[in-house]
Structure formats: C-alpha cells, structure tokens
Amino acid sequence: MAQIDGLPPLSDVIRTHELSAKKSLGQNFLLDLNLTAKIARQAGDLSGCDVLEVGPGPGGLTRGLLAERARRVLAIEKDARCLPALDEIAQAYPGQLQVINGDALDVDPLAHLTPPIRVAANLPYNVGTELLVRWLTPKAWPPFWQSLTLMFQREVANRIVATPGSKAYGRLAVLAQWRSDPRIVMELPPEAFVPAPKVHSAVVHLDALPTPRFDADPAKLNRVVATAFNQRRKMLRSALKGMAPDIEDRLLAAGLKPTERAEQVPLEGFCALARQL
C-alpha cells in the first residue's frame, strides 16, 4: 500500500508527527496498511461513491479507501494533532479528500458529500455505538448512506448480529436488523493495533434495506428497546411499566406475552409494540 500511494509507512507517520493514541478519545491506531486496505475492500465497490470516515487518526484506512478508488472521502477527525498527517494524504490525492476537524455528531454529511454515500470507519470506541444508533434511526428512510462498514470491539459486533434468545441479543440487534442486513466480515486481534487494546475487534458491514422489515416509528422503537433491555431480566410488563399505565393491554395487543423477557422478543414483536405506543 505504501508503494501504491507513495506515502511513508504509518509507523513513520506517527513518529514524524509525534502521534500517540489518546485513551480519552477512544483511539487505537491500526498501522498495517494491508489490513486497512482489506477493510476498505469490505465496503464494496467505491469507484462511484463518496465515503464518510469518522476518526481517521493518522490515515491508515483513509489511504485504503482512496487506493480503492473512492470518488471522494470526507474524514472527520476530532484530534487536531492528526491533521498534518491527513493533509499529506490530501496532497497525494488532490481534490479527493476533505478533512474536517470536529465532532462527527455535529456534522451533516450531506452538506459535504454527494450520493451514493458509503460509511467506512474504525470508530473511536467511546462514540461508536452512539453513531451507529443515530445512523440507524433517522426519521426518514432510506438514509443518506448505502452501507456502513464499521470496526467495533468484537463484543459490540456480536451484539449487532445477535438473534433472539442469545445473551448478546439486545437494542443494537433490533435496530440494526430492522433496517439493514448486518454481518461480521473481519476479526482483528489486539496486536493489530497501537496501543493494543484488551479486547478483540471486528468489522461489521451493514447494507441499508430499501424499506424497514416492519413498520414502526424509529424514535418509539428505539425507546421501547432501550427501556426493555435496560432491565432485561425483568418481565416485559415490569420493565416497560413506565411507558404506559396500561402497558399489559398494549403488550397483548402487540401479540406479546407480558411475562416474556426482552431477550425472547423477536424484531417483529418490538415493532408491533412500538406501533401500540
């Protein structure tokens, strides 16, 4: 990869710019350009797409995305220390990389990118889940993105693809599988990163569905599953009693048993309940 883009190895970039991963920003740098290129390929054919990247750090995945012929990349980086390294990549790919120093939660991608848009990111651990939920629950659907290719802690990745009845099944599984097809496409060991985290990581690819699998208001569904799984050991009527005074009647109207627990309820059941609220 370094020979392809003519830029120095990432270890040299980090040393030159005196970059060190900050725990407060959830940073873990992936330095193997072969791995970053492989992650970029998991996002699919990028030649006709703009790509949103969050938390590029020194730019390993950024270089992979551009080498895979992404039409344009918008990289949002909160850590200003990384900007000089990213600027070097922008100079190597004139007009193809825009870098914004800011918080991804505050940036509207459509103000900077042209559809079709894919998202590919080694998400900072401390905001990854929040960003995923936001991307999955816009009021209007289809969303601005065609697909998400995201790296998480392996435990989080397992929660996204989990099925009812499993210990990992919860809010993320319901929201992800309601409007997309998620699958784990790569796993990475701790030693692939600098510094090495204490956990394994995994890349999840989610393709947006044209329409949600079942009708439901996204805000209501999000609230239902967040409340239900916050007290997953309780029966539904107990866990959700604060949502409506007649919650037992609403559960029955949705075809659910008030004595069930959240982990037993399939996606369709949660959507039916959201329609009752």
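Criteria and cut-off values
Residues numbered from 1 in each chain as written. Predicted model: local features only at pLDDT ≥ 70, side-chain atom pairs only at ≥ 80, totals over all residues. Heavy atoms only, no water. Axes fitted to C-alpha atoms, helices over the stretch in contact; angles between N-to-C directions. Helix = DSSP H or I, 4+ residues; strand = E, 2+ residues; numbered from the N terminus. Parallel < 35°, antiparallel > 145°, perpendicular 65-115°, else oblique. Left-handed = near helix turned anticlockwise from the far one by under 90°. Contact = heavy atoms within 4.5 Å. Nonpolar A, V, L, I, M, F, W, Y, C, P; charged D, E, K, R; others polar. Buried < 20%, exposed > 50% of the residue type's maximum accessible area, 1.4 Å probe, protein only. Arc of directions from axis to C-beta. Phe/Tyr/Trp six-rings, centres within 6.5 Å; stacked < 30°, edge-to-face > 60°. Salt bridge = Lys/Arg side-chain N within 4 Å of Asp/Glu carboxyl O.

What is the right way to read the packing of helix 7 (residues 154-161) against helix 8 (residues 171-179) from this model?
For the pair helix 7 and helix 8, interaxial distance at closest approach is 6 Å and the crossing angle is 55°. It follows from the interaxial angle that helix 7 and helix 8 lie oblique. Relative to helix 8, helix 7 is oriented so that their crossing is right-handed. Note on element contacts: helix 8 touches helix 7 through Leu172, Ala173, Ala176 and Gln177, opposite Val156, Arg159, Ile160 and Val161. Per-class residue counts for the contact of helix 7 with helix 8 are six nonpolar, one polar and one charged.

Sorry if this is basic, but what is going on with helix 7 here?
In an α-helix, one turn spans 3.6 residues, which is why side chains three or four residues apart end up on the same side. Residues of helix 7 that are buried: Val156, Ala157 and Ile160. Viewed along the axis of helix 7, the buried residues span an arc of 100°, placing them on a single side of the element. Next to the buried residues of helix 7 lie helix 6 (128-136), strand 6 (147-153), helix 8, strand 7 (180-188) and strand 9 (201-208).

I keep staring at the packing of aromatic side chains and nothing clicks. Help me out?
Any aromatic ring pair is given by two values, namely how distant the centres are and how the planes are angled relative to each other. For the structure on display, the rule yields three aromatic pairs. With 5.7 Å between their ring centres and 85° between their planes, Trp141 and Trp145 make a pair best called edge-to-face. Taking the relative accessible area as the measure of exposure, Trp141 reaches 15% and is therefore buried. For the ring pair Tyr169 and Phe229, a centre distance of 5.7 Å and an interplane angle of 85° mean the geometry is edge-to-face. On the criterion of sequence distance, the pair formed by Tyr169 in the loop between helix 7 and helix 8 and Phe229 in helix 9 (residues 218-230) is long-range, its members being 60 residues apart.

Honestly, the pattern of salt bridges in this entry has me stumped. Any pointers?
One side chain can pair with another of opposite charge once the charged atoms of both are near each other. Counted under the stated rule, the structure contains 12 salt bridges. The residue Arg232 makes a salt bridge to Glu263 at a minimum N-O spacing of 3.4 Å. Of this pair, Arg232 sits in the loop between helix 9 and helix 10 (236-239) while Glu263 sits in the loop between helix 11 (247-253) and helix 12 (267-276), and the two are 31 residues apart along the sequence. A salt bridge links Arg250 to Asp246; the shortest N-O distance between them is 2.8 Å.

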